[in-house]
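Take a look at the letters that make up each chain.
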Amino acid sequence: MIKFINLIGIVVTTLSVVGCGSSESSFNTDDKDTNTNTELVFSEELLISESLKEDYLDAINSARAVTQDCGTKGIKPAVDALAWSDKLHHAAVEHSYDMVVSGQFTHSGSGTSSDRTATNTELGRGSSSSERITYNGYEWSYAGENIAAGTNVDTAEEVIQMWLESDGHCANLMNPNFKDVGMAMVEDGNSEYIHYWTQNFAAPR
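Residues numbered from 1 in each chain as written. Predicted model: local features only at pLDDT ≥ 70, side-chain atom pairs only at ≥ 80, totals over all residues. Heavy atoms only, no water.

Let us now look at the overall build of the chain. Assigned secondary structure in the chain consists of six helices and eight strands. Taking the contacts inside the chain whose residues are at least 6 apart along the sequence as the reference set, 70% of them involve residues at least 24 apart. Roughly 9,400 Å² of accessible area belongs to the chain as shown, and the carbon and sulfur atoms make up 47% of that amount. (Helix = DSSP H or I, 4+ residues; strand = E, 2+ residues; numbered from the N terminus. Contact = heavy atoms within 4.5 Å. Areas by Shrake-Rupley, 256 points an atom, 1.4 Å probe, with all protein chains shown as cover.)

Spelled out as structure tokens, the structure:
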């Protein structure tokens, strides 16, 4: 069985939550190739170092190692540690980059040139989370995504704590069905929220 779950996003400013939602916006063909930020360029420099991968993974697995109260999603017991996946990391980088450049905050890709999955596979619309994961080479049976953005949210510990305080994000983090994870933050001082995070979870086929 293939299942894709809990596409959840949250935006924060310096002090308060300003938006939260799980819906994907529809693709408007009038928006194609009208990116709002042309200064940030997609490159290998957006990928993180091995030491930062370990830091991200440690922060994620530290959260999973203890019981978490996920509010309306219930009390979630400690679960097994996740393994790092570069393929999921690449999908996360792609989407964070797209959100920065397009000026959108949604699980659906922008459908513009910064939405690499949509552009390179000629979807004719914004990419979905599952399509980005597949495009970046991960063959999944079960997958999910968390996104976040915030002017002062610039460390893995900060964004994970924010996700733990949001019921759906917390449930994703504590989901025992996931085996692998990749996470990325793309930063641009010219963008609305400066730091844009994507966290992709999956289990292989």
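Moving on, we come to the nonpolar core. One recurring pattern in soluble globular proteins: nonpolar side chains tend to sit buried together. Counting 29 residues, the largest nonpolar core has Tyr-56, Val-159, Ile-160, Trp-163, Met-183 and Trp-197 as the members making the most contacts within it. Of all the secondary-structure elements, those providing two or more residues to this core are helix H1 (50–64), strand S6 (140–150), helix H5 (156–164), helix H6 (167–173), strand S7 (180–187) and strand S8 (195–204). The dominant element in this core, judged by the number of residues it contributes, is H5, at six residues. Judged by nonpolar contacts, the second largest core, of 13 residues, contains Leu-46, Ala-92, Tyr-193 and Tyr-196. (Core = buried A, V, L, I, M, F, W, Y, C linked by side-chain atoms within 4.5 Å. Buried < 20%, exposed > 50% of the residue type's maximum accessible area, 1.4 Å probe, protein only.)

Attention now moves to the pairing of S8. With nine of its 10 residues buried, S8 lies for the most part within the structure. Pairing geometry for S7 and S8, over eight bridges, is antiparallel. Following the sheet pairing, Gly-182 is matched in S8 by Asn-200. (Pairing = 2+ DSSP bridges.)

This part is about the state of the cysteines. In this structure the tally under the stated criterion is one disulfide. For Cys-70, the disulfide goes to Cys-170, at an S-S distance of 2.0 Å. Disulfide Cys-70 to Cys-170: torsion about the S-S bond roughly -65°, handedness left-handed. Within this pair, whereas Cys-70 is found in the loop between strand S3 (68–69) and strand S4 (75–76), its partner Cys-170 is found in helix H6, the two being separated by 100 residues in sequence. For the pair Cys-70 and Cys-170, a shared accessibility class is recorded, and that class is buried. (Disulfide = S-S within 2.5 Å.)

Here the phi dihedral of Glu-122 falls at roughly 50°; this positive angle occurs in a residue that is not glycine. Inspection of the secondary structure assignment puts Glu-122 in the loop between helix H3 (116–121) and helix H4 (129–135). If you check the backbone angles, Ile-194 has positive phi at about 70° while not being a glycine. Secondary-structure assignment places Ile-194 in the loop between S7 and S8.

Turning our attention to the confidence of the model for the chain. Of the residues in the chain, 80% have a pLDDT of 70 or more, and the chain-wide mean is 84. Low pLDDT, under 50, characterises residues 1–5; the predicted model gives this stretch 21 contacts beyond four residues in sequence or across chains. (pLDDT = per-residue confidence, 0-100.)

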